[in-house]
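Spelled out, the chains give:
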Amino acid sequence: MWGYFCLNAILVILIVVVGFYAIVGITLENNARDRVTRAGRDMAAALKTGVSSDLTDEILNYRGEGVNFYIFRTDGKNLQPADFGGVYDELFKEIENRLGDKEVGKDKFFRTGNKINYALVAENKNGEIRYILASYSMSIVRETVGTLQLWLLFAGGIAMLLALLFSYEFSKHLTRGLNVMSEKAVKLAHGDYEVEFINANYKEMAQLSDSLNYVRDEVKKSEDFQREILANTTHDLKTPLTMIKAYASMIMEISGDNPEKRNKHLQVIIDESDRLTGLVNDVLSVSKLRSNMEEMNLTVFDLTELVYAIVEKFGYLQESQGYTFMIDIQPNLYTYADEEKIYQVLYNLIGNAANYTGADKTVYISLKSNFDGTINEFFVRDTGKGISEEELPEIWNRYYRVKENHPRPVKGTGLGLNIVKAILENHSFVFGVDSEVGNGSEFWVYFPAVPPEVYNEINNSENK
C-alpha cells in the first residue's frame, strides 16, 4: 500500500513538473511572438508616418523591452543600426529569402538559434520599400524558466518527501486496523466467537467490522443450531431405540406366548419404528431442501380438499384429548405447487399449532381467497403463550420445541418449521408469523390462486 502511495506521489509531481515546463515554455514563446509582432507593426507604422528621421528613439525604447530592430533598404544597405560595411549582409539575405517579393505588408516568422524573428515589408512616407526585422532573444526567458524549473524540482522533492512520510504514516494507520481484524478473523476461524470487530476510523472499515460481527453471530448461531439438532436428534433416536429394545425383550421373555400382550408390545415397536422413520425422513428432508437436491413436481391441485384432508388427520385429537379445530375454509380454491410438499407444510403448521395452543385446546384454521382472487390466504392460529419479538425470527431456524416444557399431542422432531421455511422459500411463496406474548401465534401462507376453469380444463385433458 505504501508503494502505491509513493508511486502515486511521484507520478503527480512528474505530471506537475512536465506540465509546468510545457505550459510555461509555450506561453512564453507565444508572448514573445506577440511582442515582436506588435513591435514590428508599430515600427512599420512609425516608418510610414515619418515620426522621426531615423527611428532611433523608437528602436531604443523597444530595445529596453528586449526587442532589437534592423531596417534595410531593398539594395541591402542597412539603415538601422548604422552601416558598418557589410556586417549585416548575411542577415539581409536571410530576410530577403524569407520575404521573397517586395509586397508591402508581407511578413514572416522564423527562428535563428535562441531568437524569435519577425520580418515584414513596409514603406516610408516617401513610398520607398524597407525591410524591417524585429528580433527577440529567448535566452533570458529560458534561463528564467530553467531557474523556475529548478525551484519547482526542489519544491517537488520536498513535496515528494512529505508525501512519502505522510503516505507511510497513513498506510501504517490504515493497515493497523486491517491487521487487527485479520488476527481476529483467524481467531474466529478457530472457533473463538468472543472476538469483537471494532474499527470506526473509516466508514468502509466500520462497515467491514459490522459485516464481520454479523458473520460471527450467524456462524455462532449455525454452530449452536447444529449442536442443538445433534443433541435433540440423539435424544429422539435414543428414546425409541430404548423402547424397541425393551419391548422386544419383553416379547422374547414374557409375552411371546400371550397373543394379546404380544400384539400390544409389537404395536409399540411398530409405533416407535415409525417415529424413528419420521425423524430420519425429516433430517433428510432438511438436508435435501437446503441443498436444493430434491426437484419439485409442480401441479395444479385443489387446496381446499388438501386442507380438509389434513384436518381430518388430526381427528384423533378431538376424539381422545378434547381438541377443537375451528375451520373457516372457502370451497374450490386451487393453486399451483408441489402438492406433496405443500401437504407437509400444512401438516407441520397445523401440528405446530396443536402442540402449542392454550388450555382451551383450540386451533383456528382459515383458507380464503383475497378480494381480487389472485391469492389464497391460509392462516392457522393457536391460543398459547405466544412468542417474544426477540425469538420470533429464530423459530424457523432452531429446534424451538426444546424451550417449552408442555406436553406435545402431535409427535414431531422439532424440525417442522425449518422444513416449512425451506419448502416455501423454494416455491418463492410469501409466508410469516404474527405473535404476541400471552395471545398465541398465527402462521400464514399466501398461495398463488388458479381459477377453477383452468383446474377443470387440466383435469378434463388428463382424463381424456
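This write-up is about the structure you can find in this document. Bear in mind that the values here come from a model prediction, so they are computed numbers and not experimental data.

About the thresholds
Residues numbered from 1 in each chain as written. Predicted model: local features only at pLDDT ≥ 70, side-chain atom pairs only at ≥ 80, totals over all residues. Heavy atoms only, no water. Helix = DSSP H or I, 4+ residues; strand = E, 2+ residues; numbered from the N terminus. Buried < 20%, exposed > 50% of the residue type's maximum accessible area, 1.4 Å probe, protein only. Contact = heavy atoms within 4.5 Å. Areas by Shrake-Rupley, 256 points an atom, 1.4 Å probe, with all protein chains shown as cover. Axes fitted to C-alpha atoms, helices over the stretch in contact; angles between N-to-C directions. Left-handed = near helix turned anticlockwise from the far one by under 90°. Nonpolar A, V, L, I, M, F, W, Y, C, P; charged D, E, K, R; others polar. Pairing = 2+ DSSP bridges. Phe/Tyr/Trp six-rings, centres within 6.5 Å; stacked < 30°, edge-to-face > 60°. Lys NZ or Arg CZ within 6 Å of the ring centre and 35° of its normal. Salt bridge = Lys/Arg side-chain N within 4 Å of Asp/Glu carboxyl O.

## Let's talk about the overall build of the protein chain
And then number 1: For the protein chain, the helix and strand inventory stands at 11 helices and 12 strands.
And then number 2: Relative to its full complement of 464 residues, the protein chain shows a buried share of 36%.
And then number 3: Considering only contacts in the protein chain between residues 6 or more positions apart, those separated by 24 or more positions represent 66%.
And then number 4: Summed over all atoms, the accessible surface of the protein chain reaches about 27100 Å², with 55% contributed by carbon and sulfur.

## Looking at the packing of helix α9 (residues 339-356) against helix α10 (residues 416-427)
And then number 1: It is at 9 Å that the axes of α9 and α10 come closest, and there the two elements cross at 140 degrees. Where α9 crosses over α10, the handedness of that crossing is left-handed. Contact residues: α9 offers Lys341, Ile342, Gln344, Val345, Asn348, Leu349 and Asn352, while α10 offers Gly416, Leu417, Ile419, Val420, Ile423, Leu424 and His427.
And then number 2: For the contact of α9 with α10, the per-class residue count stands at eight nonpolar, five polar and one charged.

## Comments concerning the sheet that holds strand β5 (residues 129-137)
And then number 1: The five strands lie next to each other as β2-β1-β5-β4-β3, forming an open sheet whose pairing is antiparallel. Since the sheet does not close on itself, it has two edges, and those belong to β2 (78-80) and β3 (107-112), each with one partner. Geometrically, the sheet is characterised by an average inter-axis angle of 25 degrees between neighbouring strands, direction not taken into account.
And then number 2: Bridging between β3 and strand β4 (residues 115-123) involves six bridges; their strand directions are antiparallel. In the sheet register, Phe109 faces β4, and the bridge partner there is Tyr118.

## Focus: the packing of aromatic side chains
And then number 1: Applying the stated criterion across every chain yields a total of 12 aromatic pairs.
And then number 2: Both rings, one in Tyr62 and one in Phe69, keep their centres 5.5 Å apart while their planes meet at 65 degrees; by these two values the pair is edge-to-face.
And then number 3: Tyr62 sits in the buried class, given a relative accessible area of 15%.
And then number 4: For Phe69, a relative accessible area of 2% gives the class buried.
And then number 5: Cluster of aromatic residues (ring-pair linked, three or more members): Phe314, Phe325, Tyr343 and Tyr347.
And then number 6: One cation-aromatic arrangement involves Arg33 over Phe109; the distance from NZ or CZ to the ring centre is 4.2 Å.

## Looking at the pattern of salt bridges
And then number 1: Under the defined criterion, the tally for this structure stands at six salt bridges.
And then number 2: One salt bridge in this structure joins Asp107 and Arg41, with 3.6 Å as the shortest N-O distance. With a gap of 66 residues between them, Asp107 in strand β3 and Arg41 in helix α1 (residues 2-49) connect regions that are remote in the sequence.
And then number 3: According to the relative accessible area criterion, Arg41 is partly exposed, its value standing at 48%.
And then number 4: Ionic pairing is found between Glu94 and Arg98, a salt bridge with its closest N-O pair at 2.8 Å. Highlighted residues: Glu94 and Arg98, both in helix α3 (residues 89-99), separated by four residues, approximately one helical turn.

These figures come from the coordinates and say nothing about function on their own.
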